[in-house]
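Residue-level listing of the chains:
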Amino acid sequence: MIVASQKPMDEVLGYLGGAQRVLVLGCGTCVAVCNAGGEREVATLAALLRLGGRQATEETLERQCDAEFFDPVRDQAAGCDAILSLACGVGVQMCARLFPDKPVYPALNTQFMGINEGAGAWSEACLGCGDCKLGLFGGVCPVTQCSKSLCNGPCGGSTEGMCEVDTKTIECGWQRIYDRLQRIGRLDLLETNVAPRDWSKTHDGRPRKITRPDLAG
Amino acid sequence: MSDIPYRANSNLERVLVAGHFGVTAELGPPKSAEVEVIHKKAEHLRGKVDAVNLTDNQTAIVRISSIAAGKVLVDLGLEPVIQMTCRDRNRLAQQADLLGAYVLGIRNVTCLTGDHQVFGNHPTARHVFDLDSIQLIECVRRMRDDGVFLCGDPIQNSKKSPVVAPKLYIGAAENPFGDPFEFRAIRLAKKVNAGADYIQTQCIYDLERFERWMSQVCARGLHKRVKILAGLTPLRSFKMASYMATGVAGIQVPRELLGRMEAAKDGAEEGIRICVEQIQRLRQIEGVAGIHLMAIEWEQKVPEILERAGLLPRPVVPPAA
Ligand code: SF4
Ligand code: SF4
């Protein structure tokens, strides 16, 4: 899922400036699960804005990345000075697209696509590189799990399973790839030289789009 | 004149191909435009080593570029090895710099991954890692041997122009002490398959572990396909030894050495003595083709170390016609 965290209140207030009537808009999917932008967080943020003397309306949509879920809030959106979205960056952009005459501000920092590691902990797992190579690396992603996104094995800084960037807190992704391939008896996969990546499949190419004629109505 | 078909015809290549025990040394370019620092360090090394490595923004700290520093050495009459990392440039910049380095008279390049930028003075920088070190090695080799860029286009100015490719002697680094230990020889094999002509290792203190790594390397026959230069960094004091032992990822200093450095009255002298002993031992290990001395900000001691190790004067191997 997409993992996000809340922005400092000062930054949020800075965006809102003189806006009096604020629509505080949560999202009920990823950011609700990671306790950053769901119904509860909307209530807390709205209460803080009221304490500061603003009028705050609370709403939480099922998803902010889909236009169809916005219908119930069109009136509130029309009647406010600004929308404060607690969705990920995708939701904030959809919101801004649907209400082109309203200022729309983000209340979260969108962090990454990641795994829930247990209560209150998440870790990055995928960068959406457009050319998934997990099949070569035992299901461990070198793009995100290695600090240098290396594809041909660990750099010289890998020490006792930890990454040179921080040997206390960051595991070396390449140690994990090695261990995993050893367990499934596929160390042979590591003997082949992996060719340079085709970065045109990532954002380096252009803002990416997918069209599926089979689904287009 | 010899008629050996050299790949790059650099002094380093000729010395190693002739079977001499090779010696390279590292020179860290200054963190300012004070070119005199390069001049001074170069004078300590003149005539004492086969080639001089110029580091490329080592530990992610901005310095005079390795290629510019390499050109300074060419002008002084010393042979440079430029280091090139994958951290700061993409494949376009790397290939452009390889052409440029060759034009400036540089004939050796050591291809590295590069330390992560968090270690340096611009930790908020974006890193590149478009290619990794193995892909960079292959790129340099294809440029040299096949006359093509990474994209496959011939290295020529126009369709009617001749192919003029940079002929570089290609090196790589390897850390015999990195983990996973069992993967290190495999990784070396990948570098050799990609086209590495020589290897300069991370600095070695734990000779036993190095010997274990070398036996894996020899078991795969890699020592016959690549010249391995064992990296050494002389210890200057007990303080430095302790720092190396605990503060640097991927380096291990055995207890016995730490004990010797702690007990020594003159730490610098003991460090040099240890380094000379290590050279003697390395010369006995199958597959070791030379040493790479990284005397950090201590270049002036290189001649003494080499003298005491019996590695001076350096052999002279005439260039190919
Ligand atoms: S290889 Fe690419 S798509 Fe696959 S998990 Fe990694 S970043 Fe995501
Ligand atoms: S130590 Fe491991 S995870 Fe860190 S950069 Fe090197 S290979 Fe990647």
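Source: prediction; values computed, not measured. (Residues numbered from 1 in each chain as written. Chains lettered and ligands numbered in written order. Predicted model: local features only at pLDDT ≥ 70, side-chain atom pairs only at ≥ 80, totals over all residues. Heavy atoms only, no water.)

A. Representation of the overall build of chain A within the structure. The helix and strand inventory of chain A stands at 7 helices and 7 strands. Going from N to C terminus, chain A has its helices and strands arranged as β-α-β-α-α-β-α-β-α-β-β-β-α-α. Computed over C-alpha atoms, the radius of gyration of chain A comes to 21 Å, more than 25% over the 17 Å expected from 2.2 N^0.38 for 217 residues, which places it beyond the range of a compact globule. A principal-axis box enclosing the C-alpha atoms of chain A has dimensions of 65 × 45 × 25 Å. Here chain A, with 217 residues, has 39% of them falling under the buried criterion. (Helix = DSSP H or I, 4+ residues; strand = E, 2+ residues; numbered from the N terminus. Rg over C-alpha atoms; globule rule 2.2 N^0.38 Å. Buried < 20%, exposed > 50% of the residue type's maximum accessible area, 1.4 Å probe, protein only.)

B. Here's a closer look at the packing of helix α1 (residues 9–16) of chain A against helix α3 (residues 39–51) of chain A. Residues and elements named next belong to chain A. Remark: α1 packs on α3, axes separated minimally by 12 Å, with the N-to-C direction vectors making an angle of 65 degrees. For the element pair α1 and α3, the recorded crossing hand is right-handed. Of the residues in α3, those touching α1 at Met-9, Leu-13 and Leu-16 are Leu-45, Leu-48 and Leu-49. When grouped by side-chain class, the residues that make up the contact of α1 with α3 number 6 nonpolar, no polar and no charged. (Axes fitted to C-alpha atoms, helices over the stretch in contact; angles between N-to-C directions. Left-handed = near helix turned anticlockwise from the far one by under 90°. Contact = heavy atoms within 4.5 Å. Nonpolar A, V, L, I, M, F, W, Y, C, P; charged D, E, K, R; others polar.)

C. Region of interest: the side chain of Lys-191 of chain B. Residue and element names in this part refer to chain B. Topologically, Lys-191 is positioned in helix α6 (residues 181–194). Here Lys-191 falls in the buried class, since its relative accessible area comes to 4%. In contact with Lys-191, other than residues within four places in its own chain, are Ser-133, Ile-134, Ile-137, Ala-172, Ala-173, Glu-174 and Ala-196.

D. The arrangement of the site of ligand 1 in detail. Taken together, Ala-125, Cys-126, Leu-127, Gly-128, Cys-129, Cys-132, Lys-133, Leu-134, Cys-141 and Val-143 of chain A make up all the residues around ligand 1. When its residues are assigned to classes, the shell around ligand 1 shows 8 nonpolar, 1 polar and 1 charged. (Near = heavy atom within 4 Å.)

E. Region of interest: the domain arrangement of chain A. Structurally, chain A comprises domain 1 (2–111) and domain 2 (127–203). Its C-alpha centre places domain 1 of chain A at a distance of 37 Å from the equivalent point of domain 2 of chain A. (Domains from an automatic or database assignment.)

F. Quick peek at the interface of chain B and chain A. Across the contact, 31 residues belong to chain B and 27 residues belong to chain A. Surface buried jointly by chain B and chain A totals about 2400 Å² across both partners, of which 52% is contributed by carbon and sulfur atoms. Contact with chain A buries surface across chain B, with Asp-179, Phe-183 and Lys-190 of chain B losing the most and accounting together for 22% of the total. Our count for the contact surface shared by chain B and chain A stands at 1 salt bridge. For Arg-220 of chain B, the salt bridge identified is with Glu-191 of chain A, shortest N-O distance 3.4 Å. Taken together, the connections running from chain B to chain A amount to 19 residue pairs in polar contact (both at pLDDT 80 or more). Counting only elements with at least two residues in the side of chain B that touches chain A, the list comes to α5 (133–146) and α6 of chain B. When residues in the side of chain B that touches chain A are grouped by element, the largest group, 8 residues, is from α6 of chain B. Tallied by class, residues from the side of chain B that touches chain A come to 11 nonpolar, 9 polar and 11 charged. (Buried area = accessible area lost by both parts, 1.4 Å probe. Salt bridge = Lys/Arg side-chain N within 4 Å of Asp/Glu carboxyl O. Polar contact = N/O pair within 3.5 Å; in protein donor to acceptor, adjacent residues only side chain to side chain.)

G. Just the site of ligand 2, in detail. Of all residues adjacent to ligand 2, which total 13 residues, the nearest are Cys-146, Pro-154, Cys-155, Cys-163 and Cys-172 of chain A. Looking at the shell around ligand 2, its residues break down into 6 nonpolar, 5 polar and 2 charged.

H. Up close: the packing of helix α2 (residues 36–45) of chain B against helix α3 (residues 66–76) of chain B. Residues and elements named next belong to chain B. The geometry of α2 relative to α3 is characterised by a closest axis approach of 10 Å and an angle of 55 degrees between their N-to-C directions. One finds that α2 runs oblique with respect to α3. Where α2 crosses over α3, the two elements pack in a sense that is right-handed. Two secondary-structure elements touch here, α2 through Ile-38, His-39 and Ala-42 and α3 through Ala-69, Val-72, Leu-73 and Leu-76. The residue inventory of the contact of α2 with α3, partitioned by class, reads 6 nonpolar, 1 polar and no charged. (Parallel < 35°, antiparallel > 145°, perpendicular 65-115°, else oblique.)

I. Focus on α5 of chain B. Residue and element names in this part refer to chain B. Over its 14 residues, α5 runs 19 Å from end to end, which matches the ideal 20 Å to within 8%, given 1.5 Å per residue. Its buried side turned inward, α5 meets β3 (80–85), α4 (91–103), β4 (108–112), β5 (169–174) and α6. Two residues or fewer past α5, Gly-147 is found with a positive phi of approximately 65 degrees. (Expected span 1.5 Å × (residues − 1).)

J. Representation of the sheet that holds β3 of chain B in the model. Residues and elements named next belong to chain B. Taken together, the 8 strands give a closed barrel; going around it, the order is β1-β2-β3-β4-β5-β6-β7-β8, and neighbouring strands pair in parallel fashion. If you compare each strand with its neighbour and ignore which way they point, the axes differ by 30 degrees on average. As judged from the 4 bridges shared by strand β1 (residues 22–27) and strand β8 (residues 288–293), these two strands associate in the parallel manner. Looking across to β8, one finds that Ala-25 is bridged to Leu-293. (Pairing = 2+ DSSP bridges.)

K. Representation of unusual backbone geometry in the model. Residue and element names in this part refer to chain B. Residue Pro-180 follows Asp-179 across a cis peptide bond; omega there is -15 degrees. Its location among the elements puts Pro-180 in the loop between β5 and α6. Following Leu-312, the chain continues to Pro-313 via a peptide bond in cis, the omega torsion being -5 degrees. Its place among the elements puts Pro-313 in the segment after α11 (302–308). Not every positive phi belongs to a glycine, and Asn-9 is a case in point at roughly 60 degrees. Along the chain, Asn-9 turns up in the segment before α1 (11–17).

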